[in-house]
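Listed here are the chains, written in short residue letters.
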Amino acid sequence: AGVAMAEEAAAEDQETRTKIVFNLGEALEDPSPLFDLARAVEQALFVRKGSDSKDPSYRSAARALAANIRRNGPLRRRVLDGELSPEALCELSPDELATDEMKRKREKMEERSYKRRTRTTTDTLTDTTKYHCKDCDSNECAYADLKGHRDIRKNETWGSNESADDARVMVVCKQCGAEWNETVL
């Protein structure tokens, strides 16, 4: 019974890997009749992900790799031309696998996110040693009163005349730049 189960597991393992080779071969538009290049890419990915075809990270990485190769013509060409080895292909990060258009979109999103996270001016902040930074242990801080400032990330309570921010200040550590809100009593 144990031998039969081992043979069944090996057959299932081979079936999974064959499906992945076929998927990669189609994505690569592999010209070889037996998908030799796709087989080499799958082998590199299999080894990189721990040599277990049942491992969800292996299967997920194979799907993601095939999808990125389908979308990214220049990447596919580099693999087909031998400029990028199967091993090197499997080492690429999601950013490196992305199309140029997707890279531009990510850069714009990161830029917008950075602008939201950073303060363009600290002129309106008041220096203080009253607060203590949990990140760097400094008490060299500056604060700004949040009264009258609406945080668009928070939901408002309908019918309320009072703002929860009336008794809050935003504190910025002058040493490490960490920001947090404090309640003023």
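Look up a bit, the structure's there.
We now turn to the structure provided with this report. Since we're looking at a predicted model, the values are computed, not measured.

Calculation notes
- Residues numbered from 1 in each chain as written.
- Predicted model: local features only at pLDDT ≥ 70, side-chain atom pairs only at ≥ 80, totals over all residues.
- Heavy atoms only, no water.
- Core = buried A, V, L, I, M, F, W, Y, C linked by side-chain atoms within 4.5 Å.
- Buried < 20%, exposed > 50% of the residue type's maximum accessible area, 1.4 Å probe, protein only.
- Helix = DSSP H or I, 4+ residues; strand = E, 2+ residues; numbered from the N terminus.
- Salt bridge = Lys/Arg side-chain N within 4 Å of Asp/Glu carboxyl O.
- Pairing = 2+ DSSP bridges.
- Lys, Arg positive; Asp, Glu negative; His and termini not counted.
- Contact = heavy atoms within 4.5 Å.
- Axes fitted to C-alpha atoms, helices over the stretch in contact; angles between N-to-C directions.
- Parallel < 35°, antiparallel > 145°, perpendicular 65-115°, else oblique.
- Left-handed = near helix turned anticlockwise from the far one by under 90°.
- Nonpolar A, V, L, I, M, F, W, Y, C, P; charged D, E, K, R; others polar.
- Expected span 1.5 Å × (residues − 1).

1. Here's the deal with the nonpolar core
Part 1: Grouped together as the largest cluster of nonpolar side chains are 24 residues, with contacts concentrated most on Leu24, Val41, Leu45, Leu65, Ile69, Leu75 and Leu89.
Part 2: Of all elements in the fold, only helix H1 (2-28), helix H2 (36-48), helix H3 (56-71), helix H4 (73-80) and helix H5 (86-91) reach the threshold of two or more residues within this core.
Part 3: Of the residues forming this core, the biggest block, six residues, is contributed by H3.

2. Let's talk about the pattern of salt bridges
Part 1: Applying the stated rule across the entire model yields nine salt bridges.
Part 2: Of the charged contacts in the structure, one is a salt bridge between Arg48 and Glu91, with a shortest N-O distance of 3.8 Å. Of this pair, Arg48 sits in helix H2 while Glu91 sits in helix H5, and the two are 43 residues apart along the sequence.
Part 3: According to the relative accessible area criterion, Arg48 is partly exposed, its value standing at 43%.
Part 4: A salt bridge links Glu83 to Arg78; the shortest N-O distance between them is 3.3 Å.
Part 5: On the accessibility criterion, Glu83 (58% relative accessible area) is exposed.

3. Observations regarding the pairing of strand S2 (residues 141-145)
Part 1: Note that strand S1 (residues 126-128) and S2 share three bridges and pair antiparallel. By the bridge assignment for S2, Asp127 is matched with Ala142.
Part 2: The sheet contact formed by S2 and strand S3 (residues 168-173) spans five bridges and is antiparallel. Bridge assignment links Cys141 to a residue of S3, and that residue is Cys173.

4. Quick look at the side chain of Asp30
Part 1: For Asp30, the location among the structural elements is in the loop between H1 and H2.
Part 2: Comment: no salt bridge for buried Asp30; closest opposite-charge side chain is Arg39, at 8.0 Å.
Part 3: For Asp30, the residues in contact, after removing those within four places along its chain, are Gly25, Phe35, Asp36, Leu37, Ala38 and Leu80.

5. Re the sheet that holds S3
Part 1: Spatial strand order, S1-S2-S3-S4: four strands in an open sheet with antiparallel pairing. If you trace the sheet from one side to the other, it starts and ends with S1 and strand S4 (179-183), each paired once. Across the sheet, the axes of successive neighbouring strands diverge by a mean angle of 35°, strand direction being ignored.
Part 2: The sheet contact formed by S3 and S4 spans five bridges and is antiparallel. Bridge pairing links Val171 to Trp180 in S4.

6. A word on the packing of H1 against H2
Part 1: Taken N-terminus to C-terminus, the directions of H1 and H2 make an angle of 125°; their axes are 8 Å apart at the nearest point. Considering their axes alone, H1 and H2 lie oblique with respect to each other. Between H1 and H2 lies a crossing of right-handed hand. The segment H1 lies against H2, with Asp13, Arg17, Ile20, Val21, Leu24, Gly25 and Leu28 engaging Leu37, Ala38, Arg39, Val41, Glu42, Gln43 and Phe46.
Part 2: Broken down by class, the residue content of the contact of H1 with H2 amounts to eight nonpolar, two polar and four charged.

7. Some remarks on H1
Part 1: The terminal C-alpha atoms of H1 lie 39 Å apart, and with 27 residues this matches the ideal 39 Å at 1.5 Å per residue to within 8%.
Part 2: Thr16, Arg17, Ile20, Val21, Leu24, Gly25, Ala27 and Leu28 are the residues of H1 that are buried.
Part 3: The elements touched by buried residues of H1 are H2, H3 and H4.
Part 4: Immediately downstream of H1, the backbone of Glu29 shows phi near 55°, a positive value.

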